[in-house]
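Listed here are the chains, written in short residue letters.
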Amino acid sequence: MSTNNKKPRRQQILEALAHMLEVKPGARITTAALAKEVGVSEAALYRHFPSKSKMYEGLIEFIEETLFSRISIINAESSDALLRLEKILHLVLAFSERNPGITRILTGDALAGETDRLRLRVVQLFERLETQVRQIFREAELKEGLHFGMSIFDTSSLMLALLDGKMSAYVRSEFKRLPTEGWAQQWPHMIHGIFATEAQIS
């Protein structure tokens, strides 16, 4: 992401932070370096954010607002549980792919040495996402009569592990291994594999 002088300073700061997380993988971002990236003094940064932690929180809030507003739209557009599930999982992967630096926050890579509160915020974000996935599986069972080979809890955990693994591979590869790579081929096999057999149902 590049900064734009016409944008509000707060937005410029957050975009500069996301950009630095992308172009300097593994590096710890200092407020001095961030101020230089934005083209302002460190004092100017602190006029908009009282601490660097609050800057990271600003990015986490952006992630939450973007993902969950779109998830609400997906849920409103269709009653088909598995279609909604596929769209939601693909949404998260596509968001990750378009925002490499922010993905480092989601995987925890960028939060090493930062406050525990930031890691807790990310944990809560994923818990909220998993709750949404569990709700879809419940609806699939109750409204569509679908049955799964594992409990809803274990099945949703598997879906979140899939997301986490793809995003972690993206970060480890320094953003070369795209999260959506192979998704069209992988999803049908993934979703088919979670259904219970007739023997398990009986």
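Source: prediction; values computed, not measured. (Residues numbered from 1 in each chain as written. Predicted model: local features only at pLDDT ≥ 70, side-chain atom pairs only at ≥ 80, totals over all residues. Heavy atoms only, no water.)

1. Some words on the packing of aromatic side chains
Formally: Aromatic rings from Phe, Tyr and Trp, taking only the six-membered ring of Trp, are treated as a pair when their centres fall within 6.5 Å; an angle between ring planes under 30 degrees marks them as stacked, one over 60 as edge-to-face, and anything in between as tilted. Each helix is a run of DSSP H or I of at least 4 residues and each strand a run of E of at least 2, with the numbering of both proceeding from the N terminus. Partly exposed describes any residue whose relative accessible area lies between the buried limit of under 20% and the exposed limit of over 50%, with all areas from a 1.4 Å probe on protein chains only and scaled to the type maximum.
A complete count under the given rule lists five aromatic pairs for this structure. Taken together, a centroid distance of 6.0 Å and an interplanar angle of 40 degrees make the contact between phenylalanine 62 and phenylalanine 95 tilted. In this pair, phenylalanine 62 sits in helix α4 (residues 52–77) while phenylalanine 95 sits in helix α5 (residues 81–98), placing the two residues 33 residues apart along the sequence. A residue is classified by how much of its surface remains accessible, and phenylalanine 95, at 3% relative accessible area, is buried.

2. Quick look at helix α8 (residues 152–172)
The criterion, for reference: Each residue after the first adds 1.5 Å to the expected span of a helix.
Taking 1.5 Å of rise per residue, the 21 residues of α8 would be expected to cover 30 Å, and the 30 Å separating its terminal C-alpha atoms lies within 8% of that figure. All of the buried residues along α8 are Ile152, Thr155, Ser156, Met159, Leu160, Leu163, Lys166, Met167, Ser168, Ala169, Tyr170 and Val171. Positive backbone phi, at 55 degrees, marks glutamate 174, one or two positions downstream of α8.

3. Observations concerning the confidence of the model for the protein
Our working rule: Confidence of the prediction at every residue is given by pLDDT, a number between 0 and 100. When checking whether two residues touch, look at their non-hydrogen atoms; a contact exists if any pair is within 4.5 Å.
On average, residues of the protein score 91 in pLDDT, and 94% of them reach the 70 mark or higher. Averaged pLDDT values over the elements of the protein bottom out at 44 in helix α10 (residues 198–201) and peak at 97 in α5. Confidence drops under a pLDDT of 50 for residues 198–202, and excluding neighbours within four residues, the segment shows four contacts in the predicted structure.

4. Things to note about the nonpolar core
Test applied: Nonpolar cores were defined as sets of buried Ala, Val, Leu, Ile, Met, Phe, Trp, Tyr and Cys residues, with membership established by side-chain atoms within 4.5 Å.
Of all hydrophobic cores here, the largest spans 58 residues; its most connected members are Leu34, Leu85 and Ile105. The contact partners of leucine 34, leaving out residues within four places of it in the chain, are Ile13, Ala16, Leu17, Met20, Ile29, Leu45 and Met55.

5. Quick word on the pattern of salt bridges
Our working definition: A side-chain nitrogen of Lys or Arg and a carboxyl oxygen of Asp or Glu constitute a salt bridge if their distance falls within 4 Å.
Tallied over the entire structure, the rule returns nine salt bridges. Here lysine 52 ties to glutamate 114 by a salt bridge, and the two come within 3.2 Å at their closest N and O atoms. Taken together, the residues span a long stretch of sequence, with lysine 52 in helix α4 and glutamate 114 in the loop between α6 (100–106) and α7 (116–144) at a distance of 62 residues. The exposure classification of lysine 52 matches that of glutamate 114, with both residues buried. The closest approach of N and O atoms between glutamate 130 and arginine 134, which form a salt bridge, is 3.6 Å. Pair noted here: glutamate 130 and arginine 134 are both in helix α7, with a separation of four residues, about one helical turn. Judged by relative accessible area, glutamate 130 falls into the buried class, the value being 15%. When salt bridges that share partners are traced, they join Lys54, Glu57, Glu64, Arg117 and Arg121 into one network.

6. Quick word on the environment of leucine 106
Inspection of the secondary structure assignment puts leucine 106 in helix α6. Residues leucine 106 and glycine 193 lie 87 residues apart in sequence; the distance between their C-alpha atoms is 27 Å. Leucine 106 has contacts with Ile63, Val122, Leu125, Phe126 and Met167, leaving out every residue within four places of it along the chain.

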